[in-house]
Amino acid sequence: MLDCLVIGGGAAGLTAGVYLHRYRRTALVVDAGQSRLQWIAKTRNVLGFPDGIAGAELLDRIRAHAARFKVPVEQGCVDRVTALPEGGFEAFAGSRSWRARTVLLATGARDVPPEVEGLKDALKHALVRYCPVCDGFETQGHRVAVLGTDVHGHGEAAFIAGFGNEVTWLSMGSRDALKPEQLATLEQLGVRIADARPRRIHCAPGQGVTVELDGEEPLRFDMMYSALGLRHPSGLATALGANAHEDGQLVVDGHMQTTVPGLYAAGDVAEGLNQIGVAAGHAAIAATAIHNRL
Ligand SMILES: Cc1cc2nc3c(=O)[nH]c(=O)nc-3n(C[C@H](O)[C@H](O)[C@H](O)COP(=O)(O)OP(=O)(O)OC[C@H]3O[C@@H](n4cnc5c(N)ncnc54)[C@H](O)[C@@H]3O)c2cc1C
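About the cut-offs
By convention here, each chain's residues receive numbers from 1 onward along its written sequence. It should be noted that, the model being predicted, local features are given only for residues of pLDDT at least 70 and side-chain atom pairs only at 80 or more, the latter also being counted only at that level, while totals for whole chains, interfaces and linings use all residues. For the side-chain quantities, the full set of heavy atoms in the structure was used; hydrogens and water were omitted. Nearness is judged by heavy atoms alone; a residue qualifies as near a molecule or strand once a single heavy atom is within 4 Å of it. As used in this structure description, the phrase polar contact means that two N or O atoms lie within 3.5 Å; if the pair is within protein, one of them must be able to donate a hydrogen and the other to accept it, and residues adjacent in sequence are counted only when both atoms belong to side chains. Using a 1.4 Å probe, the Shrake-Rupley method yields the accessible areas, and only the shown protein chains count as cover for residues. Secondary structure counts use DSSP, requiring at least four H or I residues in a row for a helix and at least two E residues in a row for a strand, with both numbered from the N terminus. Each residue gets one of three labels, nonpolar for Ala, Val, Leu, Ile, Met, Phe, Trp, Tyr, Cys and Pro, charged for Asp, Glu, Lys and Arg, and polar for the others, Gly among them. Counting rule for disulfides: a pair of cysteine sulfur atoms within 2.5 Å. A 1.4 Å probe rolled over the protein chains alone gives each residue an accessible area, and that area as a share of the maximum for its type sets the label: buried under 20%, exposed over 50%, partly exposed in between. Note on pairing: two strands pair once DSSP finds at least 2 bridges between them. A fitted line through C-alpha atoms represents every axis, and for helices the fit uses only the stretch in contact; the resulting angles, taken between N-to-C directions, go from 0 to 180 degrees. Where a domain begins and ends is set by an automatic assignment or by a domain database. Only heavy atoms matter for contacts: two residues are in contact if any of them lie within 4.5 Å across the pair. Buried area, as used here, totals the accessible surface that two parts lose on assembly, with accessibility defined by a 1.4 Å probe and the loss added over both. Salt bridges are defined by distance alone: a side-chain nitrogen of Lys or Arg within 4 Å of a carboxyl oxygen of Asp or Glu.

Undergrad: Sorry, what's going on with the site of the ligand here?
TA: In the region of the ligand, 34 residues are neighbours, and Ala12, Asp31, Gln34, Ser35 and Asn45 sit closest. Within the backbone of Ala12, a nitrogen or oxygen atom sits 2.8 Å from an oxygen atom of the ligand. A total of 1000 Å² of accessible area belongs to the ligand in isolation, and the protein chains cover 96% of it. Counting only elements with at least two residues in the shell around the ligand, the list comes to helix 1 (11–22), strand 2 (27–31) and helix 8 (276–293). For the shell around the ligand, the residue count by class is 16 nonpolar, 14 polar and 4 charged.

Structure below.
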C-alpha cells in the first residue's frame, strides 16, 4: 500500500513527488507523458529563468530533479480508480494496478486545437499560442489574431488588446452573440472584428500567420491566439463522486482535497489559474496536507 499514488507527471505531479519523497513517504508517479510543458516555445514568467526557458528543457530539469530524490515514475495511463472498502484507493492502467492510502490527481488539461496547418511547428515557434496570461507581454507592438467564438473569444481579444498591440478578433460569425456594451468595449480598445469563418490558416517561421477568409483578402498577423478553450481530464475523480465545474476543473478545499476524502488534485485539473507556478504551489500544499494526514 503506497502512501500516495500521483496520477500525472507534469509540473504538479513531479513537484508533489519530490515533496512526498522528501517527507519520506512512499509515493509513485504514473505518467502518460503528455505534459503541456512540452508545447511551450519559451516561458518567461517562471522565476529563476530571467532569459526564459523552453518548456521541454524545463520538463527535463523537473524530471532530473525528481530523479535526484529517487521519485519512482512509471509510464502509463491510469484508466480507472476505485475506492477500497477498507479505505484507500486502487488504480488501474491496463493490466497494472496500485493500491494507495491517498491519490493525487495531476492530470493537467488539454487545449482544444485550432484547425491550423502544421500546428505542432506553429506552437513550437510561438506563432500559434494558447495562453495570453503566459506570454501576452511579448505581443507588444505586434499584429495579433484571436480565434474564438462568443464571450470567450471576445474576453480573450479584450484581454490581449491591453498589451499595446494591434488585435483582430476572428469571431467566426459570433459577433451577434455579444451585447452592445461588449462590442463598444472592443471598439474602445481598437480591436478589429473579422466575422467570416477562416477557410485556411497557415504559418511559417519569419512570415507569421496567414488567415484566408471566404471571399476576402487574406489577413496577415505576427501571431495568433487560439481561444477555443480547454478540457480538464478529471473523469477519474468524478467517477468516484468528486465535484467538478462545467469545464472539468475539480472543486478543492484549501488543502487541495477534492470533495472525496483522501483524493487530492493539483495543477491545471484543479480549480484555479492554469500556470506552472500555480501547479507547483498546488502540489506543495497537497503533498504537505497528505503527509500531515497519514
Ligand atoms: C503553448 C503553451 C504555453 C504555455 N506557457 C506557459 C508559460 O509561459 N507560463 C506558465 O506558467 N504556464 C504556461 N503554460 C501552462 C502550463 O504548461 C501548465 O499550467 C502546466 O504544465 C500545468 O501543469 P500540470 O502538472 O497540471 O499539467 P501537465 O504539465 O500538462 O502534466 C499533466 C500530466 O498528466 C498526464 N496524464 C493525464 N492523464 C493521465 C492519466 N489518466 N494517467 C497518467 N497520466 C496522465 C499527462 O500525460 C501529463 O504528462 C503553457 C501551456 C501551453 C500549452
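Undergrad: Mind showing me how you'd approach the state of the cysteines here?
TA: By definition, a disulfide links the sulfur atoms of two cysteines through a covalent bond. Throughout the structure, instances matching the rule amount to 1 disulfide. Paired by a disulfide, Cys131 and Cys134 hold their sulfur atoms 2.1 Å apart. Judged by the torsion about the S-S bond (75°), the Cys131/Cys134 disulfide is right-handed. On the basis of relative accessible area, Cys131 is assigned to the buried category, the value being 17%. Among the cysteines around Cys4, which has no disulfide bond, Cys77 carries the closest sulfur, lying 17 Å off.

Undergrad: What should I look at first to understand the sheet that holds strand 14 (residues 219–221) in this one?
TA: Picture the strands of a sheet paired through backbone hydrogen bonds; they go either parallel or antiparallel. With respect to topology, 3 strands assemble into an open sheet ordered 12-13-14, the strand pairing being antiparallel. The strands lining the two open edges of the sheet, one partner per strand, are strand 12 (198–204) and strand 14. The mean angle between the axes of side-by-side strands here comes to 20°, regardless of whether they run parallel or antiparallel. With 3 bridges connecting them, strand 13 (residues 208–213) and strand 14 associate as antiparallel partners. Bridge pairing links Thr210 to Arg220 in strand 14.

Undergrad: Just to check I follow, could you spell out the domain arrangement of the protein chain for this structure?
TA: As a measure of interface size, the accessible area lost when the parts come together is often cited. What the domain assignment lists for the protein chain is domain 1 (2–110 + 230–293) and domain 2 (113–226). The interface of domain 1 with domain 2 comprises 7 residues on the first partner and 8 residues on the second. In total, about 710 Å² of surface goes out of reach between domain 1 and domain 2, with carbon and sulfur atoms giving 64% of it. Scanning the region where domain 1 abuts domain 2 turns up 0 salt bridges. Between domain 1 and domain 2 we count 0 residue pairs in polar contact (both at pLDDT 80 or more) in total.

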